Amino acid sequence: MRAFLLLLLLFPVLELFVFVKVSAAIGFFPALLLIIAGSALGVLVMRVAGLATALRARESLQRGELPAEDMFQGMMLAVGGGLLLLPGFISDVLGLICLLPFTRHLAARKMRQRAEEQAMRQRAFQDDPFQAQPPRDAGHRPNVIEGEYERRDK
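Treat the numbers as computed from the prediction; the structure is a model and nothing was measured.

Rules used in this analysis
Residues numbered from 1 in each chain as written. Predicted model: local features only at pLDDT ≥ 70, side-chain atom pairs only at ≥ 80, totals over all residues. Heavy atoms only, no water. UniProt positions renumbered as here; feature names shortened; annotations may be inferred. Helix = DSSP H or I, 4+ residues; strand = E, 2+ residues; numbered from the N terminus. Buried < 20%, exposed > 50% of the residue type's maximum accessible area, 1.4 Å probe, protein only. Contact = heavy atoms within 4.5 Å. Phe/Tyr/Trp six-rings, centres within 6.5 Å; stacked < 30°, edge-to-face > 60°. Salt bridge = Lys/Arg side-chain N within 4 Å of Asp/Glu carboxyl O. Expected span 1.5 Å × (residues − 1). Axes fitted to C-alpha atoms, helices over the stretch in contact; angles between N-to-C directions. Left-handed = near helix turned anticlockwise from the far one by under 90°. Nonpolar A, V, L, I, M, F, W, Y, C, P; charged D, E, K, R; others polar. Patch = residues over 30% accessible without salt bridge, like charges linked within 9 Å, V, L, I, M, F, W, Y side chains within 5 Å. Areas by Shrake-Rupley, 256 points an atom, 1.4 Å probe, with all protein chains shown as cover. Parallel < 35°, antiparallel > 145°, perpendicular 65-115°, else oblique.

Engineer: Lay out the UniProt feature "transmembrane region" (unreviewed entry) in the chain with the relevant residues and their values.
Structural biologist: Taking the UniProt record as the reference, the feature "transmembrane region" (unreviewed entry) is found at residues 34-55 and 76-102. The annotated region residues 34-55 carries 100% helix and 0% strand content, and the separation between its end C-alpha atoms amounts to 31 Å. Here residues 76-102 runs as 85% helix and 0% strand, with 12 Å between its end C-alpha atoms.

Engineer: I'd like a rundown of the side chain of S23, residues and numbers included.
Structural biologist: Residue position: S23 is located in helix α1 (residues 2-26). Look at S23 and you get buried, because its relative accessible area is 16%. Setting aside chain neighbours within four positions, we find S23 in contact with F28 and A31.

Engineer: Describe in detail the packing of aromatic side chains, supporting the description with residues and values.
Structural biologist: Applying the stated criterion to the full structure yields three aromatic pairs. Judged by centre distance (5.8 Å) and plane angle (80°), the rings of F19 and F28 are edge-to-face. Every member of this aromatic cluster is reached through a ring pair, and the members are F19, F28, F29 and F89.

Engineer: Quick one: what's the story with the environment of V20, residue by residue and with numbers?
Structural biologist: Mapping V20 onto the fold places it in helix α1. C-alpha separation for the pair V20 and A31, spaced eleven residues apart in sequence, amounts to 9.0 Å.

Engineer: An account of the pattern of salt bridges is requested, with residue identities and associated values reported.
Structural biologist: Under the defined criterion, the tally for this structure stands at one salt bridge. With a closest N to O distance of 3.9 Å, R152 and E150 form a salt bridge. On the accessibility criterion, E150 (63% relative accessible area) is exposed.

Engineer: Talk me through helix α3 (residues 68-85); I want residue IDs and the actual numbers.
Structural biologist: Counted at 1.5 Å a residue, the expected span for α3 with its 18 residues is 26 Å, and the 25 Å between its end C-alpha atoms agrees. Looking only at α3, the buried set comprises D70, F72, Q73, G74, M76, L77, G80, G81, L83 and L84.

Engineer: I'd like a rundown of the environment of R56, residues and numbers included.
Structural biologist: The residue R56 is located in helix α2 (residues 28-62) in this model. Note: C-alpha distance between R56 and P67 (eleven residues apart in sequence) is 7.9 Å. Ignoring sequence-local partners within four residues, the contact set of R56 consists of D70 and Q73.

Engineer: Pulling in residues and values, what's your account of the packing of α2 against helix α4 (residues 89-99)?
Structural biologist: Running from amino to carboxyl end, α2 crosses α4 at an angle of 35°, the nearest separation of the two axes being 11 Å. In the crossing of α2 with α4, the sense of the turn from one axis to the other is left-handed. Listed contacts from α4 to A31, L34, I35, G38, L41 and V45 of α2 are F89, D92, L96 and L99. Its residues placed into classes, the contact of α2 with α4 shows eight nonpolar, one polar and one charged.

Engineer: How would you sum up a nonpolar patch on the surface? Please name residues and give values.
Structural biologist: Taken together, M1, F4, L5, L8 and L9 make up a surface patch of nonpolar side chains, about 630 Å² in accessible area. Considering the arrangement of structural elements, one finds L8 in helix α1.

Engineer: Help me get a handle on the packing of α1 against α2, residues and values and all.
Structural biologist: Look at α1 against α2: their axes get within 7 Å of each other, and the N-to-C directions meet at 125°. By the angle between their axes, α1 is oblique relative to α2. In the packing of α1 onto α2, the handedness of the crossing is right-handed. Taking contact as the criterion, the partners of F19, V22, S23 and I26 in α1 are, on α2, F28, P30, A31, L32, L34 and I35.

Quick look at the structure:
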């Protein structure tokens, strides 16, 4: 949590530092126009990508498939568009990285690997080898405790 707070406080300072350096190199107004163009591109990406992702997810559902990959791609596009909306050059570069198909597929592969590893870890700790396992036949029924109760209204 401290790292997130430090990043939250440090990020605007870094953005301002980079803006000052870029505006010293190319001029204030061209740098400002670049930031405004980046924000306009972010709005456009979020509108188009959101609609396209919703349509792809709908088609996947109609085929009877889970749209997990489409949803992740849409999330990456939304994060990229959101980063483009933020004023600053660092956030624009990070947003463009999120928008590139190669990096989206790389991130999707890494996330899938992490999820599979996490599932394997949870499955490994879920099975207790020392616990007596009930036989797994087709006629196995869970233990049922029968009893009677009486309702007492006061």
